[in-house]
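If you want the building blocks of each chain, they are given just below.
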Amino acid sequence: MGRSDTNPRDTQTVALNALVWTLGDERRAERLVSLTGLTPADLRARLAEPPVLAACLAFLEGHEPDLLACADAIGATPEALVAARAALERAA
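### Structural notes on the overall build of the protein
Looking only at helices and strands, one finds six helices and zero strands in the protein. For the protein, the N- to C-terminal ordering of α and β elements is α-α-α-α-α-α. Relative to its length of 92 residues, the protein is compact, with a C-alpha radius of gyration of 12 Å against a globular reference of 12 Å. In the protein, buried positions account for 35% of the 92 residues. For the protein, the share of sequence-separated contacts (at least 6 apart) that also reach a separation of at least 24 residues comes to 61%.

### Here's the deal with helix α6 (residues 78-91)
Counted at 1.5 Å a residue, the expected span for α6 with its 14 residues is 20 Å, and the 20 Å between its end C-alpha atoms agrees. Residues of α6 that are buried: A80, L81, A84, R85, A87 and L88. The buried residues of α6 occupy an angular sector of 165° when projected down its axis, which confines them to one face. Residues of α6 that are exposed and angled more than 90 degrees away from the buried face: E79 and R90.

Here is what the cut-offs are and how they apply
- Residues numbered from 1 in each chain as written.
- Predicted model: local features only at pLDDT ≥ 70, side-chain atom pairs only at ≥ 80, totals over all residues.
- Heavy atoms only, no water.
- Helix = DSSP H or I, 4+ residues; strand = E, 2+ residues; numbered from the N terminus.
- Rg over C-alpha atoms; globule rule 2.2 N^0.38 Å.
- Buried < 20%, exposed > 50% of the residue type's maximum accessible area, 1.4 Å probe, protein only.
- Contact = heavy atoms within 4.5 Å.
- Expected span 1.5 Å × (residues − 1).
- Arc of directions from axis to C-beta.

So, in structure tokens, the structure goes:
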């Protein structure tokens, strides 16, 4: 996985990996749903939409320990996650 993640496909891959990591913990997943307003049905139906993926990454940015843990778990840098969120917001 590239460290800059400016390629749209790489950006989406980073975001999807981060989302999978986020949903892997029940408490964190519940917090994501609560804070973003996205329902599990929204996530399933709109998984590939840039605004949804950007919201998931913004959720991680809002809690630095999660951002750092996620980046480490998916083999990315925290900066790559932030850059992916910004690119997804521009794509929206």
